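So you can see what is in the structure, the chains are spelled out below.
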Amino acid sequence: MRFVVATHGHCFDGLASATLFTRLLQQTRKDNLDFVYRACGYGLEQTRADEGVLDGEENAILDYRYHPSARLNWFFDHHRTSFQTPGAREHFDAHRAGGQFFFDAGYSSCTRLVSDVAAKEFGVTDASLKELVDWADKIDAARFSSAAEAINHDHAVMRLATVVEHHADDAFLEATIPELLAKPLLVVANSTRVQEAYAPLGKKHLEFIELMRSASRLSNGVVLADLTSELLPNLGKFVTYALYPQSIYSVVVGITEAGAKISVGYNPWSGSARTADISQICARYGGGGHPFVGGMSFATKDVETARAVAKEVARELES
């Protein structure tokens, strides 16, 4: 049976969620499943988890916005902004009684949600994947001891996470998920394939830190960084907090291959309480996320609009 798993692409939590979900199905289904993985994103040029993607005999959406479809058989997510299309929440509520649709915004990672549901609802546990669950939860929830640790790539898993952020398309998922199911996380992270992919990214990471240093400013606890002067592979989440430890929020606008993007975040190491729900701020502009981190996407041609929105959001967070 052809089983399509549509998960959040270029995201370590999306990769790990798909790995845990695959193990759940392997342990609970007796039929032969042929898994097809689709990396989905929110950029205007990125794949959406919609009818065009949900073309398997069975289909799942993980760590990604809900799509109300008769083709959808499984769903796991933890984003507060998961139900944005008309009728999405009603469709979810009507189908969750079947025991294969799960949503809990209280979870810090989708991977942890899949792991807990697998154990509680289906009796499936796998000690060999515990480290993967822990790392996915740590990275997605920014459970680092400091901002400096968050941008330190010395650990092999952090290097793997960086490779995922840059290269996790369909082919990458197809190659990596079976490895994570068969080998320890550190073995996969230290593999030649991952380390070779990371080598040029490590240099770009250091260059990105310097670019952020020159293109950002701090005002009333909010860092605003305009990185639209050049095309970037992605927008780093934690660099502003390392550069400005006293900052409370950051708003970063830049241009990636998927278009213009704004990343908004709360600095958990600031020592100041979070007073804004970032997911709701981003939702007003068509984006989404969590109370502590979120983002918005625009077409490349609308970069000036993105810059204006970034300034508007920064002003709101300053108040």
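In short, a report on the structure.

So, how was this worked out
Residues numbered from 1 in each chain as written. Predicted model: local features only at pLDDT ≥ 70, side-chain atom pairs only at ≥ 80, totals over all residues. Heavy atoms only, no water. Helix = DSSP H or I, 4+ residues; strand = E, 2+ residues; numbered from the N terminus. Rg over C-alpha atoms; globule rule 2.2 N^0.38 Å. Buried < 20%, exposed > 50% of the residue type's maximum accessible area, 1.4 Å probe, protein only. Areas by Shrake-Rupley, 256 points an atom, 1.4 Å probe, with all protein chains shown as cover. Lys, Arg positive; Asp, Glu negative; His and termini not counted. Charge placed at Lys NZ, Arg CZ, Asp CG, Glu CD. Salt bridge = Lys/Arg side-chain N within 4 Å of Asp/Glu carboxyl O. Pairing = 2+ DSSP bridges. Contact = heavy atoms within 4.5 Å. Axes fitted to C-alpha atoms, helices over the stretch in contact; angles between N-to-C directions. 1 Å grid on protein atoms, 1.4 Å probe; cavity = no way out; pocket = protein on both sides within 12 Å on 5 of 7 lines; lining within 4 Å. Points joined across faces, edges and corners; volume = space filled by probe spheres on them. Nonpolar A, V, L, I, M, F, W, Y, C, P; charged D, E, K, R; others polar. Parallel < 35°, antiparallel > 145°, perpendicular 65-115°, else oblique. Left-handed = near helix turned anticlockwise from the far one by under 90°. Disulfide = S-S within 2.5 Å. Expected span 1.5 Å × (residues − 1). Arc of directions from axis to C-beta. Polar contact = N/O pair within 3.5 Å; in protein donor to acceptor, adjacent residues only side chain to side chain.

## So, the overall build of the chain
And step 1. Counting its secondary structure elements, the chain contains 12 helices and 11 strands.
And step 2. The C-alpha atoms of the chain give a radius of gyration of 19 Å, which matches the 20 Å a tight globule of 319 residues would have.
And step 3. Considering only C-alpha atoms, the chain reaches an extent of 60 × 45 × 35 Å along its principal axes.
And step 4. A burial count over the chain gives 55% of its 319 residues as buried.
And step 5. Summed over all atoms, the accessible surface of the chain reaches about 13,700 Å², with 50% contributed by carbon and sulfur.
And step 6. Of the charged side chains in the chain, 31 are positive and 40 negative, and the gap between their average positions amounts to 3 Å.

## Notes on the pattern of salt bridges
And step 1. One pass over the structure, following the stated rule, counts 21 salt bridges.
And step 2. Put simply, Arg 29 and Asp 31 hold a salt bridge, and the shortest N to O gap is 3.0 Å.
And step 3. For Asp 31, a relative accessible area of 33% gives the class partly exposed.
And step 4. Notably, a salt bridge pairs Arg 112 with Asp 134, separated by 3.1 Å at the nearest N-O pair. Taken together, the residues span a long stretch of sequence, with Arg 112 in helix H3 (residues 110-122) and Asp 134 in helix H4 (residues 130-140) at a distance of 22 residues.
And step 5. Arg 112 sits in the partly exposed class, given a relative accessible area of 24%.

## Points about the sheet that holds strand S9 (residues 259-266)
And step 1. What the six strands build is an open sheet, ordered S6-S7-S8-S9-S11-S10; its pairing is mixed. Two strands bound the open sheet, and with one partner strand each, they are strand S6 (216-219) and strand S10 (288-289).
And step 2. As paired strands, strand S8 (residues 249-256) and S9 are joined by eight bridges and run antiparallel to one another. What sits directly across from Gly 254, in S9, is Lys 261.
And step 3. Running over the sheet, helix H9 (residues 192-215) touches S6, strand S7 (222-231) and S8 and is turned about 120° from S7.

## A closer look at the layout of surface pockets
The gaps of empty space that remain are located by a probe, the size of a water molecule, rolled over the atoms.
And step 1. Approximately 180 Å³ is the volume attributed to the second largest pocket.
And step 2. Taken together, 15 residues make up the lining of the second largest pocket; nearest its centre are Leu 20, Ser 115, Thr 125, Asp 126 and Val 133.
And step 3. Of all the secondary structure elements, the ones that give two or more residues to the lining of the second largest pocket are helix H1 (12-28), H3 and H4.
And step 4. Per element, the largest residue contribution to the lining of the second largest pocket is five residues, and it comes from H3.
And step 5. Tallied by class, the residues present in the lining of the second largest pocket amount to eight nonpolar, two polar and five charged.

## Quick notes on the packing of H1 against helix H7 (residues 170-182)
Two quantities define a packed helix pair, namely the angle between the axes and the distance from one axis to the other.
And step 1. Relative orientation of the contacting elements H1 and H7 amounts to 60°, with a least axis distance of 10 Å. Between H1 and H7, the crossing angle belongs to the class labelled oblique. In the crossing of H1 with H7, the sense of the turn from one axis to the other is right-handed. When H1 is examined against H7, the residues Leu 15, Ala 18, Thr 19, Thr 22, Arg 23 and Gln 26 are found in contact with a partner set consisting of Leu 173, Thr 176, Ile 177, Leu 180 and Leu 181.
And step 2. Partitioning the contact of H1 with H7 into residue classes produces six nonpolar, four polar and one charged.

## Quick look at the state of the cysteines
And step 1. For the structure shown, the criterion picks out zero disulfides.
And step 2. Here Cys 110 is not cross-linked by a disulfide; its sulfur's nearest cysteine counterpart is in Cys 11, at 9.0 Å.
And step 3. For Cys 110, a relative accessible area of 0% puts it in the buried group.

## Digging into helix H12 (residues 303-318)
And step 1. Counted at 1.5 Å a residue, the expected span for H12 with its 16 residues is 22 Å, and the 23 Å between its end C-alpha atoms agrees.
And step 2. Inspection of H12 places Val 303, Ala 306, Val 309, Ala 310, Val 313, Ala 314 and Leu 317 among the buried residues, and these make up the whole buried set. End-on, the buried residues of H12 take up no more than an arc of 140°, which puts them together on one face. Exposed residues on H12 whose side chains face more than 90 degrees from its buried face are Glu 304 and Arg 315.
And step 3. Close packing links the buried residues of H12 with S7, S8, S9, helix H11 (278-283) and strand S11 (293-298).

## Overview of the sheet that holds strand S4 (residues 74-77)
And step 1. Read across the sheet, five strands follow the order S2-S1-S3-S4-S5 without closing on themselves; strand pairing throughout is parallel. Only two strands of the sheet have a single neighbouring strand rather than two, namely strand S2 (34-40) and strand S5 (101-103). The average undirected angle you get between the axes of adjacent strands in this sheet is 15°.
And step 2. Across seven bridges, the pairing between strand S1 (residues 2-8) and S2 is parallel.

## Re the side chain of Ser 108
And step 1. Here Ser 108 is to be found in the loop between S5 and H3.
And step 2. On the accessibility criterion, Ser 108 (16% relative accessible area) is buried.
And step 3. Side chain to side chain, Ser 108 and Asp 137 meet in a polar contact 2.7 Å long.
And step 4. At 3.1 Å, the side chain of Ser 108 forms a polar contact with the side chain of Arg 143.
And step 5. Those residues within four positions of Ser 108 in sequence are excluded, and the remaining contacts are His 78, Asp 137, Asp 140, Ala 141 and Arg 143.

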